[in-house]
2 protein chains.
Amino acid sequence: MLKRYLPILTWLPHYHKRLLGADVLAGLIVTVMVIPQSLAYALLAGLPAVVGLYASILPQLIYTLFGTSKTLAVGPVAIIALMTGAALSSVAATGTETYLQAALILSLLSGGMLMVMGLLKMGFFSNFLSHPVISGFLTASGILIAVSQLGSLLGVESSGFTLVERLFTLVPNLATYNLSTLLIGSGTLIFLITMRLRGKATLHKVGFPLFLADLCAKAGPVFAVVITTLITWHWQLAGAGVAVVGDIPNGLPALSFPWGDYSLWQSLLIPALLISLVGFVESVSMGQMLAAKRRQRISPNQELVGLGACNLAAGFTSGMPVTGGLSRTVINYDAGAQTPAAGAFAALGIALVTMSFTGWLYHLPIATLAATITVSILTLVDIPMLRQTWRYSRSDFAAMAVTIVLTLGEGVEAGIISGVTLSIALFLYRTSRPHSALVGRVPGTEHFRNTARHDVETASNAALLRIDESLYFANARYLEDTVYNLVASHPELEHVVLICSAVNLIDASALESLDAINARLKDSDVKLHLSEVKGPVMDQLKKSDFLEALTGRVFLSTYAAWREFS
Amino acid sequence: MLKRYLPILTWLPHYHKRLLGADVLAGLIVTVMVIPQSLAYALLAGLPAVVGLYASILPQLIYTLFGTSKTLAVGPVAIIALMTGAALSSVAATGTETYLQAALILSLLSGGMLMVMGLLKMGFFSNFLSHPVISGFLTASGILIAVSQLGSLLGVESSGFTLVERLFTLVPNLATYNLSTLLIGSGTLIFLITMRLRGKATLHKVGFPLFLADLCAKAGPVFAVVITTLITWHWQLAGAGVAVVGDIPNGLPALSFPWGDYSLWQSLLIPALLISLVGFVESVSMGQMLAAKRRQRISPNQELVGLGACNLAAGFTSGMPVTGGLSRTVINYDAGAQTPAAGAFAALGIALVTMSFTGWLYHLPIATLAATITVSILTLVDIPMLRQTWRYSRSDFAAMAVTIVLTLGEGVEAGIISGVTLSIALFLYRTSRPHSALVGRVPGTEHFRNTARHDVETASNAALLRIDESLYFANARYLEDTVYNLVASHPELEHVVLICSAVNLIDASALESLDAINARLKDSDVKLHLSEVKGPVMDQLKKSDFLEALTGRVFLSTYAAWREFS
């Protein structure tokens, strides 16, 4: 029991020296790599850069205790930072005390929700974020984030959380661009893209061993940070209008509780729920993917508990909402992390930097961080997926398109809520008009297929009607219409057999309709039969009076019904 | 085309004398019978009694033009009046000009919505009011209405639209009861109940022919109205504190348009939608039932158009929201109405009364009308249905119970919205954790059933897994878990056959999961096969790359797969 909720108890007792070496190395690499992105994502959310560091310390340590993934690294991530910024700016102005407070409240709410969902085993909840909605949401968020960074890359003011707002505030200010910022920003951007696309191959070609070439290519952002910081420091560009990170107080965050108004808590409820679900889906799908590669397993419900604890920790230590991040996790995995201890070492590393070396970050240009964000989120934009989905299913595409358009046009919350709502509505609509088929026997077999698609044998006085959907309130009336039309257009019928092989559920409304069909057919001297009723459905029908009222029989197989009537 | 939208063109050209006699008689009977209930339902909605008459004239005439049911009678009905009262009292105080205006706006909104739904053929929308929700809603509304009439029966003030509000305003005033009102109210109540339960049999026993006995029993409310009006007039009880209908202006309503604030229209949108849906369901299910008795058909989508036109007419002529009413339609049907012309004659009759004879209604006691309402709505309360639904399905019962509790405790809107939401949520939850079964061959046949329920043959190296649900985003991950667990617990497996006889849909998320399952099984040297994939599903799979990537085959029947592996 204790082991279920504290997975550290399953691996720590077997910890040994060989693991320690690998984990310390991974922790060191992660420390260096994630500092730039942690600062960047805090800025993306409209928060002081240091918040990104705070949110990478205690949450990651807590995950070591509660997490079931061996390699997941927890901290601020791009999408969650974007959603956080949108949520906070709807309740407070950037830079105010309330804005900071709201970030903590958001973390606590999200942490509480995740934990409750985990304890109640409600991980299935996240399944309602369908694949097209998630992928549309990531694409649109990627575009939104890229546009939001454009201002920082050029040294121009811009604000807002929809595409239109961003562009409307950005374009009029374009003439005020800062040349030094533009050079640093675009230079970093080109460097990072080159490193990402060619870095590994080129370095390997000039003689680096493969592992080191890979590591150096991945460390592109670190090099960019060091070089542009040195340039900005050397020429004192901060005085020439280049925005820099500036003063960061040395020291660890104090433990605190963000009291705030009741109304503030209330208005952050929906954003917290969405952030929780999106964060969970991002984290758990990556965790599962990496676990599968090493033949390990993770427990989604315990992950909810773990991520919940991480967000509570973030809320108590001046952080921001966190989740398992794509890039930091991949760095950790590739750096050879063996157990969650690697995460703990990285957390300690970042704590050390926060305590003593934040002064080194003073001259780090914001434009460098903007370039880092832009390059890393462009991987989220998945245009081929749009084409694939269009080809496969128009209704999946519709959900995806609505998510993208509304995320860009109305913001992240509107986008994701509309996408989920539309997915569910389309599914319900589809199941409310079920496919059904008159089937006949494939000659010489006991197999029955659609008369319209296959060359099959039929009987003249009996219709074999296969209903391709569970019968429930949304399609109960449709079923009645289908059967009545069938009987009306085939006056020679004496028997109607409903083949229930695809009927997984008959609810009370559908039972009412079946009763009505049975009675109406009786009036027309047509008998109603059922075949291939599944065990669970049959169990339930036995609890009603329908089977006694049924004018016909219940056949185990369609073939048995066929033998009776042909 | 014209005939589709104006069904009167289908029957009027064939109209002849014999029909005329029957329709005029039915019209006359309906005129007399529905006047008391029309007044009563207007009062129930918190409106002046005469509004009930106005709403019974033009709407009924319009239905004659647009309706597809031969016998439906349109006008104010109990449930819609209750919902109207709840909606209006949330935006204005009873008795004010705005309250009257809001009633007209509500009619116009509801009329417009119904008409648009009809023209867009969105009648299926009402299917989402499942049977348990409707029946729970009717039961709770019946109780609410009965309690709301208690005050009028006793001559005591009460108000509110939830059970608690009603009781809290009623109980403290109980001591102020009016004896004359109490006697009239309880006397009428006992008389009406007796007439309903025993009237027909007793009258038949004392020598009335069956038809007349039935008519007289149904005319109970009319006798009660006449007698109590005469009593109140004779002893001038209106001066002694008995509430009466009072002055009603003679004359037809003027045509008018209720301008009102934009915000008033906006806040009535949701109530109008709910009233439209509930009214449509009540009307169409009764229309279908009666049409079936005479082997006629009605067109649900044209009914939407027709009811929409009726409500627009009510909104323009000082009326209130209307729909096809249970009791008035049954009276019309039993009185022998042959065509919608009967409705037109009833409308003319009520118009005549409204023009000239409203003075006769001055001394009609409100208590009499309250007794009429109480008796007629008690038929809505269906307690045995609660037990039946509990026995049949816990989740249907949950939807029903929530509808009842919230309708009583929070009002009609909260009740119906929660009921519908819960039905949908429970359906989605159920489909998100699909039943699946390992099946084997029923010896000697080509039929396959659950190994856990039937004595069947299985193969050691191949698992035949029947998935009992369409595969879509909500259960895609669940499917992955099911298959991985199956393979993990049966290391001897070389083949997994997914039997898709119950899979009616594979959406983009599920396709993603199938791809993942296929790849993961390939890593473990297990081949994935499909069988009994339905035509429409196969068509869609062909649009993706899944079939090329599939490690195994697609079998037409499970038996074909069985022959291959056993």
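Here is what the cut-offs are and how they apply
Residues numbered from 1 in each chain as written. Chains lettered and ligands numbered in written order. Predicted model: local features only at pLDDT ≥ 70, side-chain atom pairs only at ≥ 80, totals over all residues. Heavy atoms only, no water. Contact = heavy atoms within 4.5 Å. Buried area = accessible area lost by both parts, 1.4 Å probe. Salt bridge = Lys/Arg side-chain N within 4 Å of Asp/Glu carboxyl O. Polar contact = N/O pair within 3.5 Å; in protein donor to acceptor, adjacent residues only side chain to side chain. Helix = DSSP H or I, 4+ residues; strand = E, 2+ residues; numbered from the N terminus. Nonpolar A, V, L, I, M, F, W, Y, C, P; charged D, E, K, R; others polar. Core = buried A, V, L, I, M, F, W, Y, C linked by side-chain atoms within 4.5 Å. Buried < 20%, exposed > 50% of the residue type's maximum accessible area, 1.4 Å probe, protein only. Phe/Tyr/Trp six-rings, centres within 6.5 Å; stacked < 30°, edge-to-face > 60°. Lys NZ or Arg CZ within 6 Å of the ring centre and 35° of its normal. pLDDT = per-residue confidence, 0-100. Axes fitted to C-alpha atoms, helices over the stretch in contact; angles between N-to-C directions. Parallel < 35°, antiparallel > 145°, perpendicular 65-115°, else oblique. Left-handed = near helix turned anticlockwise from the far one by under 90°. Pairing = 2+ DSSP bridges. Domains from an automatic or database assignment. Patch = residues over 30% accessible without salt bridge, like charges linked within 9 Å, V, L, I, M, F, W, Y side chains within 5 Å. Areas by Shrake-Rupley, 256 points an atom, 1.4 Å probe, with all protein chains shown as cover. UniProt positions renumbered as here; feature names shortened; annotations may be inferred. Least-squares fit on C-alpha atoms with pLDDT ≥ 70 in both. Expected span 1.5 Å × (residues − 1).

**Q** Lay out the interface of chain B and chain A with the relevant residues and their values.
**A** Between chain B and chain A, the residue contacts involve 67 residues of the former and 67 residues of the latter. Of the roughly 6,300 Å² buried at the junction of chain B and chain A (both faces included), carbon and sulfur atoms supply 55%. Linking chain B to chain A there are six salt bridges. Two residues, arginine 453 of chain B and aspartate 539 of chain A, come together in a salt bridge whose shortest N-O distance is 3.0 Å. Along the contact surface separating chain B from chain A lie 25 residue pairs in polar contact (both at pLDDT 80 or more). Only helix H8 (131–154), helix H14 (269–293), helix H19 (383–392), helix H21 (412–432), helix H22 (473–489), helix H23 (508–523) and helix H24 (535–541) of chain B provide two or more residues apiece to the side of chain B that touches chain A. For the side of chain B that touches chain A, the element with the highest residue contribution is H21 of chain B, accounting for eight residues. Here the side of chain B that touches chain A is composed, by residue class, of 23 nonpolar, 22 polar and 22 charged.

**Q** Account for the pattern of salt bridges, naming residues and giving values.
**A** For the coordinates displayed, the defined rule picks out 16 salt bridges over all chains. Between glutamate 457 of chain A and arginine 441 of chain A there is a salt bridge whose closest N-O contact spans 3.6 Å. Note that glutamate 457 of chain A is positioned in the loop between strand S4 (448–450) and strand S5 (462–467) and arginine 441 of chain A in strand S3 (residues 436–441), a separation of 16 residues in sequence. A salt bridge links aspartate 468 of chain B to arginine 466 of chain B; the nearest nitrogen and oxygen atoms lie 2.8 Å apart. Linked by salt bridges that have partners in common, Asp214, Lys218 and Asp334 of chain A make up one network.

**Q** Before we move on, can you summarise the nonpolar core with the specific residues and values?
**A** Within the largest apolar cluster, 228 residues are counted, with the highest numbers of intra-cluster contacts made by Leu39 and Met83 of chain A together with Leu39 and Met83 of chain B. In contact with methionine 83 of chain B, other than residues within four places in its own chain, are Phe137, Leu274, Ile275, Val278 and Val412 of chain B.

**Q** Summarise the packing of aromatic side chains; cite the residues concerned and give the values.
**A** For the structure shown, the criterion picks out 23 aromatic pairs over all chains. Each ring, one from phenylalanine 257 of chain A and one from tryptophan 265 of chain A, has its centre 6.0 Å from the other, and the planes form 25°; the classification is stacked. A relative accessible area of 34% places phenylalanine 257 of chain A in the partly exposed class. Sitting over the ring of tryptophan 390 of chain B, arginine 394 of chain B keeps its end group 3.9 Å from the ring centre. Taking NZ or CZ as reference, arginine 520 of chain B lies 3.8 Å from the ring centre of tyrosine 484 of chain B, over its face.

**Q** A description of the confidence of the model for chain A should follow, citing residues and the corresponding values.
**A** Within chain A, residue pLDDT values average 90, and 100% of them lie at 70 or more. Between the elements of chain A, mean pLDDT differs from a low of 82, seen in helix H1 (residues 2–5) of chain A, to a high of 96, seen in strand S7 (residues 527–531) of chain A.

**Q** I'd love a proper account of the packing of H8 of chain B against helix H18 (residues 366–377) of chain B, names of residues and values included.
**A** Residues and elements named next belong to chain B. Interaxial distance between H8 and H18 falls to 9 Å at its minimum, and their mutual angle equals 160°. Relative to H18, the element H8 lies roughly antiparallel. Of the two elements, H8 crosses H18, and the hand of that crossing is left-handed. Between H8, through Gly142, Ile145, Ala146, Gln149, Ser152 and Leu153, and H18, the contact on the second element is made entirely by Ile366, Ala367, Ala370, Ala371, Ile373, Thr374 and Ile377. Residue classes in the contact of H8 with H18 are distributed as nine nonpolar, four polar and no charged.

**Q** Could you give me a rundown of the side chain of arginine 441 of chain B, with the residues and numbers involved?
**A** Note on arginine 441 of chain B: relative accessible area 16%, which makes it buried. Within polar-contact distance, the side chain of arginine 441 of chain B engages the backbone oxygen of threonine 445 of chain B at 2.7 Å.

**Q** Talk me through the pairing of S3 of chain A; I want residue IDs and the actual numbers.
**A** All names here are of chain A. When S3 meets S5, the two strands line up antiparallel, connected through three bridges. Each residue of the ladder has a partner; that of serine 436, found in S5, is isoleucine 467. Note: S3 against S4, three bridges, orientation antiparallel. Bridge pairing links valine 439 to asparagine 450 in S4.

**Q** An account of the domain arrangement of chain A is needed here, citing residue identities and associated values.
**A** In terms of domain boundaries, chain A breaks down into domain 1 (17–244 + 259–395) and domain 2 (436–565). For domain 1 of chain A versus domain 2 of chain A, the separation of C-alpha centres amounts to 55 Å.

**Q** Kindly report on a nonpolar patch on the surface, identifying the contributing residues and their values.
**A** All names here are of chain B. A cluster of nonpolar side chains, contributed by Phe191, Phe223, Val226, Ile227, Leu230, Ile231, Trp233 and Trp235, occupies part of the molecular surface with about 780 Å² of accessible area. If you tally residues by element for the nonpolar patch, the top one is helix H12 (residues 220–234), at six residues. Tracing the chain through its elements places leucine 230 in helix H12.

**Q** Quick one: what's the story with the sheet that holds strand S6 (residues 495–499) of chain B, residue by residue and with numbers?
**A** All names here are of chain B. Spatially, S4-S3-S5-S6-S7-S8 is the arrangement adopted by the six strands of the open sheet, whose pairing is mixed. Edge positions in the open sheet fall to strand S4 (448–450) and strand S8 (554–555), since each of these has one partner strand only. Sheet strands touched by H23: S6 and strand S7 (527–531). Its angle to S7, the strand with the most contacts, is close to 140°.

**Q** So, the UniProt feature "domain: STAS" (unreviewed entry) in chain A: which residues are in play, and what are the values?
**A** Under the UniProt annotation, the feature "domain: STAS" (unreviewed entry) is placed at residues 452–566 of chain A. Taken as a whole, residues 452–566 of chain A contains 45% helix and 16% strand, while its terminal C-alpha atoms sit 19 Å from one another.

**Q** Residues and numbers for the relation of the copies chain B and chain A, please.
**A** When chain B is fitted to chain A, the residual RMSD is 0.0 Å, and the transformation amounts to a turn of 180° plus an axial shift of 0.0 Å. On this basis, the relationship between the two copies can be described by a two-fold rotation axis. Every residue of chain B has its C-alpha some distance from the rotation axis, and the shortest such distance is that of alanine 502 of chain B, at 1.8 Å.

**Q** I'd like to hear about helix H18 (residues 366–377) of chain A, residue by residue, with values.
**A** Residue and element names in this part refer to chain A. Across its twelve residues, H18 extends 17 Å between first and last C-alpha, which sits within 8% of the 16 Å expected from 1.5 Å per residue. Of all the twelve residues making up H18, twelve are buried; the element is thus mostly covered by neighbouring parts of the structure. Listing the buried residues of H18 in full gives Ile366, Ala367, Thr368, Leu369, Ala370, Ala371, Thr372, Ile373, Thr374, Val375, Ser376 and Ile377. Those residues of H18 that are buried are in contact with helix H3 (17–44), helix H6 (78–89), helix H8 (131–154), helix H10 (179–205) and helix H12 (220–234).

**Q** Talk me through the side chain of threonine 84 of chain A; I want residue IDs and the actual numbers.
**A** Residue and element names in this part refer to chain A. Within the secondary structure, threonine 84 sits in helix H6. Given the relative accessible area of 0%, threonine 84 is considered buried. In this structure threonine 84 touches Ala45, Leu106, Ile275 and Pro321, once residues within four positions along its chain are discounted.

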